[in-house]
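This is what each chain is made of:
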Amino acid sequence: KAGVTQTPRYLIKTRGQQVTLSCSPISGHRSVSWYQQTPGQGLQFLFEYFSETQRNKGNFPGRFSGRQFSNSRSEMNVSTLELGDSALYLCASSFLTGDYNEQFFGPGTRLTVL
Amino acid sequence: AQSVTQPDIHITVSEGASLELRCNYSYGATPYLFWYVQSPGQGLQLLLKYFSGDTLVQGIKGFEAEFKRSQSSFNLRKPSVHWSDAAEYFCAVGTPGGYNKLIFGAGTRLAVHP
């Protein structure tokens, strides 16, 4: 079974631009979560989607948004990029629908903002 | 608010030695508890989890963890470390109703000397 796929793996943008990252969950998984990983702040939860609905959201500004499609694929968007948005963005998917089922993480998208 | 503390940023052990990584959490009740491992350039892999029941849980790769309610701790142990265990280890908590939102500790980077 294929794992969680994230595209692109690496991305370089300049301040003020916007970016869209994509996540394809494991087949059959309907929950997708996003995390930001930086050396200074560590791993921080961005949001979680299930059946195209956002069920939970972290403490990030409105520049960070996401969505989930009917095939469970998810995208996150960051508008008006800032230098501090440089990070590894990780996506995770899970199969079951309740609280805290095992999440499988993708390899991440490394975003660099210049 | 929930929080997770991993007091050791870096730990170095010799191959074959035992290992204990510390994790303390702050939450009013018993949270869901997890240990993840991240190898360079990789996403996170779940080692083990505790939801309820037996306070000593077994995970993959020979790891185990013990939940101690009185100390708000969930320390990870391995009796004999292998060179391939060198990685970064993250403790995480989830709370009821949080769906898949995880609060991560800052991580402990493990180096293994031959």
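Residues numbered from 1 in each chain as written. Chains lettered and ligands numbered in written order. Predicted model: local features only at pLDDT ≥ 70, side-chain atom pairs only at ≥ 80, totals over all residues. Heavy atoms only, no water.

Undergrad: How should the packing of aromatic side chains be read in this particular structure?
TA: The geometry of two aromatic rings is summed up by the distance between their centres and the angle between their planes. One pass over the structure, following the stated rule, counts 15 aromatic pairs over all chains. Plain terms: the ring middles of phenylalanine 34 of chain B and phenylalanine 51 of chain B are 5.8 Å apart, the flat faces sit at 75° to each other, and that makes the pair edge-to-face. Here phenylalanine 34 of chain B, found in strand 5 (residues 32–38), pairs with phenylalanine 51 of chain B, found in the loop between strand 6 (44–50) and strand 7 (56–58); they are 17 residues apart in sequence, far enough to count as distant. For phenylalanine 34 of chain B, a relative accessible area of 2% puts it in the buried group. Through pairs of rings, three or more aromatic residues link up here, namely Tyr35, Phe45 and Phe105 of chain A together with Tyr32, Phe34, Tyr36, Phe51, Phe90 and Phe104 of chain B. (Phe/Tyr/Trp six-rings, centres within 6.5 Å; stacked < 30°, edge-to-face > 60°. Helix = DSSP H or I, 4+ residues; strand = E, 2+ residues; numbered from the N terminus. Buried < 20%, exposed > 50% of the residue type's maximum accessible area, 1.4 Å probe, protein only.)

Undergrad: I tried to follow the environment of valine 32 of chain A on my own but got confused; where do I start?
TA: All names here are of chain A. Within the secondary structure, valine 32 is located in strand 4 (residues 31–38). Given a relative accessible area of 0%, valine 32 falls into the buried group. Linking valine 32 and glutamate 52, residues 20 residues apart in sequence, is a C-alpha distance of 9.5 Å. When residues no more than four places from it in sequence are discounted, the contact partners of valine 32 are Cys23, Pro25, Phe47, Glu48, Tyr49, Gln68, Ser72, Ser74, Cys91, Ala92 and Ser93. (Contact = heavy atoms within 4.5 Å.)

Undergrad: So what exactly am I meant to see when it comes to the interface of chain A and chain B here?
TA: Reports often express the size of an interface as the amount of accessible area lost when the parts come together. Facing 22 residues of chain A, the contacting portion of chain B comprises 21 residues. Across the interface of chain A and chain B, roughly 1900 Å² is buried in total on both sides, 53% from carbon and sulfur atoms. Run the count over chain A and chain B and you get zero salt bridges. Counting residues per element, the side of chain A that touches chain B draws most heavily on strand 4 of chain A, which supplies four residues. When the residues that make up the side of chain A that touches chain B are grouped by side-chain class, the tally is eight nonpolar, eight polar and six charged. (Buried area = accessible area lost by both parts, 1.4 Å probe. Salt bridge = Lys/Arg side-chain N within 4 Å of Asp/Glu carboxyl O. Nonpolar A, V, L, I, M, F, W, Y, C, P; charged D, E, K, R; others polar.)

Undergrad: In this structure, what is going on with the state of the cysteines? I would like to understand it.
TA: The bond known as a disulfide is covalent and runs between the sulfur atoms of two cysteines. Tallying each qualifying case throughout the model produces two disulfides over all chains. What pairs with cysteine 23 of chain A in a disulfide is cysteine 91 of chain A, and their sulfur atoms sit 1.7 Å apart. Classification of the bridge connecting cysteine 23 of chain A and cysteine 91 of chain A rests on its S-S torsion, roughly -50°, and on that basis the disulfide is left-handed. Of the two residues, cysteine 23 of chain A is situated in strand 3 (residues 19–24) and cysteine 91 of chain A in strand 9 (residues 87–94); the sequence distance between them amounts to 68 residues. Given the relative accessible area of 0%, cysteine 91 of chain A is considered buried. Each disulfide pairs two cysteine sulfurs, and for cysteine 23 of chain B the partner residue is cysteine 91 of chain B, the sulfurs being separated by 1.9 Å. On the S-S bond that ties cysteine 23 of chain B to cysteine 91 of chain B, the torsion sits near -65°, and the link is left-handed. Here cysteine 23 of chain B is found in the loop between strand 3 (19–21) and strand 4 (24–26), whereas its partner cysteine 91 of chain B is found in strand 10 (residues 87–94), with 68 residues between them in sequence. Cysteine 91 of chain B sits in the buried class, given a relative accessible area of 0%. (Disulfide = S-S within 2.5 Å.)

Undergrad: Sorry, what's going on with the pairing of strand 4 of chain A here?
TA: Two faces belong to every sheet, and in a regular strand the side chains alternate between them. All names here are of chain A. The element strand 4 is largely enclosed, with a buried count of eight among its eight residues. Where strand 4 meets strand 9, seven bridges bridge the pair, whose relative direction is antiparallel. Bridge assignment links serine 33 to a residue of strand 9, and that residue is alanine 92. (Pairing = 2+ DSSP bridges.)

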